[in-house]
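# Fold and geometry: a report
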Amino acid sequence: MNSSRLYTLPRVLEWSIRIDRAPALLWIACITLALLPTWVWMARRLADGSDDPLGLLAIAALALVLWRHRGRLRVAPRLGWLALATGCALLSAMLAGALPPLATSLVALAALGCVLAAFLPALVAAAPVIGLALLSLPWIASLQFYAGYPLRALTAEASRWLLAPFFAIERMGTALLVDGRLVMVDAPCSGVQMLWLGYFTACMTALWTFRSSGSFLARLPAVSVLVLAGNVVRNTVLVSLEATGGASAAVHDAIGLGVLALVCGAIAWVMADEGERHV
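Predicted model, so just to flag it, every value in this text is computed and none were measured.

### So, the pattern of salt bridges
Summed over the entire model, instances satisfying the criterion amount to two salt bridges. For Arg-160, the salt bridge goes to Glu-157, with nearest N and O atoms at 2.9 Å. Separated by three residues within a single helix, Arg-160 and Glu-157 lie in helix H9 (residues 140-163), roughly one turn from each other. For Arg-160, a relative accessible area of 23% puts it in the partly exposed group. Take Glu-157: its relative accessible area is 29%, and that puts it in the partly exposed class. Between Arg-171 and Glu-157 there is a salt bridge, with the nearest N and O atoms lying 2.8 Å from each other. Note that Arg-171 is positioned in strand E1 (residues 169-172) and Glu-157 in helix H9, a separation of 14 residues in sequence. Among the residues examined, Arg-171 registers a relative accessible area of 33% and is labelled partly exposed. What emerges from the salt-bridge pattern is a single network uniting Glu-157, Arg-160 and Arg-171.

Given below as structure tokens:
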């Protein structure tokens, strides 16, 4: 039976009309409510202090995007995104208990991003919306656990290469021996948090400038390169200061915040640069 004949069936036609006329906010509220186990798990993970609360910033950003376009939400949803949202919500419920909560929550938050993409106006790209939804996961600690060491080793090796003309320097794992002084490249220097903030900046800039999904995705590799370069510069400066007598905590923090601001500014410039946009 083809789709045209399917719509001639009275019951199918009736349900199609009901779906088409259902208010956008009702659909979004239903999907959001269906993700209640994910919200509970995220709240517990934040409450016990096992992760940074950066995800709250992404949730607030999604709420801001929805509020900004509240008067232009689609009367008829994009059915592909709506079907994907419903499927992801069902899949996250089916996988609960079978997979780690972080994995099922990843699917659940993809559902949230998809349902927003179904109802937001056409000038709002789906990719950065889904990106913000995924960034709301409390997964900084997990990324530190799985990716922290490789990132720290990579950063330490790059710093060793940059400082080699000025110091007698040797890398030992994630530590550097600089003129006989041991300097640790510890967890905060992995760049995981800078990576989160870099992608958050990319998503927000793309949404604010109405960049298309394809153009947004094409610029993501540049975001990763900028974050990696910024983290190497920050670590190299801090290691050189530690090797020459150390730096106060205030100077350490100021350098970290300064490099972070430069990296996020560069990412915003890359995303806001003239190119393909919806408008």
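### Some thoughts on the packing of aromatic side chains
One pair of aromatic rings is described through two measures. These are the centre distance and the angle between the planes. Inspection of the entire model under this criterion finds two aromatic pairs. Seen in terms of ring centroids, Phe-145 and Tyr-146 are 5.0 Å apart; in terms of plane orientation they differ by 90°. Their pairing is edge-to-face. The exposure classification of Phe-145 matches that of Tyr-146, with both residues exposed. Aromatic pair Trp-196 and Phe-200: ring centres 5.3 Å apart, planes at 10°, arrangement stacked. Taken together, the residues Trp-196 and Phe-200, both in helix H10 (residues 192-208) and four residues apart, mark about one turn of the helix. By relative accessible area, which is 4% here, Trp-196 ends up buried. Over the aromatic face of Trp-208 sits the side chain of Arg-68, whose NZ or CZ is 4.0 Å from the ring centroid. The ring of Trp-67 carries the charged tip of Arg-70 above its face, separated from the ring centre by 3.8 Å.

### Observations concerning helix H11 (residues 213-243)
For H11, spanning 31 residues, the distance from its first C-alpha to its last is 45 Å, which sits close to the expected 45 Å at 1.5 Å a residue. Considering bend angle alone, the principal kink of H11 is centred on Leu-220 and spans about 30°; proline Pro-221 follows within four residues of it.

### Remarks on the packing of helix H3 (residues 24-34) against helix H4 (residues 36-47)
In the contact formed by H3 and H4, the axes pass within 5 Å of each other and the chain directions differ by 60°. On the basis of their axis angle, the class for H3 and H4 is oblique. For the pair formed by H3 and H4, the contact residues are Thr-32, Leu-33 and Ala-34 on the first element and Leu-36, Pro-37 and Trp-39 on the second.

Cut-offs and rules
- Residues numbered from 1 in each chain as written.
- Predicted model: local features only at pLDDT ≥ 70, side-chain atom pairs only at ≥ 80, totals over all residues.
- Heavy atoms only, no water.
- Salt bridge = Lys/Arg side-chain N within 4 Å of Asp/Glu carboxyl O.
- Helix = DSSP H or I, 4+ residues; strand = E, 2+ residues; numbered from the N terminus.
- Buried < 20%, exposed > 50% of the residue type's maximum accessible area, 1.4 Å probe, protein only.
- Phe/Tyr/Trp six-rings, centres within 6.5 Å; stacked < 30°, edge-to-face > 60°.
- Lys NZ or Arg CZ within 6 Å of the ring centre and 35° of its normal.
- Expected span 1.5 Å × (residues − 1).
- Bend = angle between axes of the 7 residues up to and from the residue.
- Axes fitted to C-alpha atoms, helices over the stretch in contact; angles between N-to-C directions.
- Parallel < 35°, antiparallel > 145°, perpendicular 65-115°, else oblique.
- Contact = heavy atoms within 4.5 Å.

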